[in-house]
Amino acid sequence: MYMKNLFFAFFCILGCNNGSTASKDINYYLPNRYEGVVVVVFEEKTKTTSNEFKIPENGILYSSHARNTGVFIPKYFYVDKNGNKIHNIESYAIAKYHNQLKENTPYILDAYDGKFNIKPKNEIKDSNTYSTKNWKTINWIYFTVGNNERQRYALRKKANQIIDSLQQQISK
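Just so it is clear, the structure is predicted and the values come from calculations on it, not from any experiment.

Thresholds, definitions, all that
Residues numbered from 1 in each chain as written. Predicted model: local features only at pLDDT ≥ 70, side-chain atom pairs only at ≥ 80, totals over all residues. Heavy atoms only, no water. Pairing = 2+ DSSP bridges. Helix = DSSP H or I, 4+ residues; strand = E, 2+ residues; numbered from the N terminus. Phe/Tyr/Trp six-rings, centres within 6.5 Å; stacked < 30°, edge-to-face > 60°. Buried < 20%, exposed > 50% of the residue type's maximum accessible area, 1.4 Å probe, protein only. Lys NZ or Arg CZ within 6 Å of the ring centre and 35° of its normal. Salt bridge = Lys/Arg side-chain N within 4 Å of Asp/Glu carboxyl O. Expected span 1.5 Å × (residues − 1). Arc of directions from axis to C-beta. Contact = heavy atoms within 4.5 Å. Polar contact = N/O pair within 3.5 Å; in protein donor to acceptor, adjacent residues only side chain to side chain. Axes fitted to C-alpha atoms, helices over the stretch in contact; angles between N-to-C directions.

Colleague: Looking at this structure, how should I read the pairing of strand E6 (residues 85-88)?
Modeller: In summary, the side chains of a regular strand alternate between the two faces of the sheet. Across three bridges, strand E5 (residues 72-79) lies against E6 in antiparallel orientation. The partner of tyrosine 78 across the bridge, within E6, is histidine 87.

This is the structure we're talking about:
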């Protein structure tokens, strides 16, 4: 009985903290019927964030906002040329878990985030010292859109190649 009361009190406290742990929706709008890799590279000089990301036809968005932090729920939508929602894109993992996969239906196959550091061009090369304090940090996310397991692995490989290529381009 004591443990039940303790758990009840714990959940009451969590529920009464004025929403500080509340999740927020992050919406990604993709061109209709887009399948492939989507990469969003975030600008870290700014402190402003956005909850809305319109993905261009090539799948790579350089956002002028900082990456969102905290708890959030990503939502993915196909949109027409005017930006009107056509329908949402479901998670492959959730549909598979619930045994609700449909043939020839695009899903969000994978979603990853990360960052890479860019060394300043004018940094002095000293073989006795190694520090990343002056390096620029670039945050990114990627997700893949496709309709089957084989495509999932091929797109994951392609996404990693794109991230590597972006890192090389930005560090030049």
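Colleague: Whenever I open this one, the packing of aromatic side chains confuses me. Can you help?
Modeller: Centre-to-centre distance and the angle between the planes together describe a pair of aromatic rings. Within this structure, the stated rule accounts for nine aromatic pairs. Pairing tyrosine 28 with phenylalanine 53 gives two aromatic rings, centres 5.4 Å apart and planes at 20°, and the pair type is stacked. Of this pair, tyrosine 28 sits in strand E1 (residues 24-31) while phenylalanine 53 sits in strand E3 (residues 52-54), and the two are 25 residues apart along the sequence. With respect to class, tyrosine 28 is no different from phenylalanine 53; both count as buried. An angle of 10° between the planes, with centres 5.8 Å apart, marks the rings of tryptophan 140 and tyrosine 142 as stacked. Of the aromatic side chains, those joined through ring pairs into one cluster are Tyr28, Phe42, Phe53, Tyr76 and Phe143. One residue, lysine 85, lies across the ring of phenylalanine 77, its end atom 4.2 Å from the ring centre.

Colleague: Just to check I follow, could you spell out the pattern of salt bridges for this structure?
Modeller: Pairs can form between side chains of opposite charge once their charged atoms are near each other. Counting across every chain of the model gives six salt bridges. Of the charged contacts, one joins aspartate 113 and arginine 67 as a salt bridge, the two residues approaching to 3.3 Å between their closest N and O atoms. One end of the pair, aspartate 113, is in strand E7 (residues 107-118); the other, arginine 67, is in the loop between strand E4 (60-63) and E5, with 46 residues separating them in the sequence. Arginine 152 is paired through a salt bridge with glutamate 149; the nearest N and O atoms lie 3.6 Å apart. Highlighted residues: arginine 152 and glutamate 149, both in helix H3 (residues 149-170), separated by three residues, approximately one helical turn. For glutamate 149, a relative accessible area of 23% gives the class partly exposed. The network of salt bridges with common partners includes Lys96, Asp110, Glu149, Arg152 and Arg156.

Colleague: Mind showing me how you'd approach H3 here?
Modeller: Each α-helix turn comprises 3.6 residues. Residues three or four places apart therefore point the same way. The first and last C-alpha atoms of H3 sit 32 Å apart over 22 residues, in line with the 32 Å expected at 1.5 Å per residue. Every buried residue of H3 is listed here: Arg152, Leu155, Ala159, Ile162, Ile163 and Leu166. Buried residues of H3 fall within an arc of 100° about the axis and therefore sit on the same side. Turned more than 90 degrees away from the buried face of H3 sit Arg150, Lys157 and Gln168, all of them exposed. Of the surrounding secondary structure, the elements contacted by the buried residues of H3 are strand E2 (36-42), E4, helix H2 (92-97), E7 and strand E8 (136-146). The N-terminus of H3 is capped by asparagine 148, whose side-chain oxygen sits 3.1 Å from the backbone nitrogen of arginine 150.

Colleague: Please clarify how the sheet that holds E4 should be interpreted in this entry.
Modeller: Strand pairing in a sheet relies on backbone hydrogen bonds. The paired strands run either parallel or antiparallel. Within the open sheet, the four strands sit side by side as E4-E2-E8-E7. Their pairing is mixed. Two strands in the sheet have a free side with no partner beyond their single neighbour: E4 and E7. Ignoring strand direction, the axes of neighbouring strands in this sheet form an average angle of 15°. Relative to E8, E2 runs antiparallel, the two sharing seven bridges. Paired with valine 41 across the two strands is tryptophan 140, which belongs to E8. In the packing of H3 onto the sheet, contacts are made with E2, E4, E7 and E8, and the angle to E7 comes to roughly 25°.

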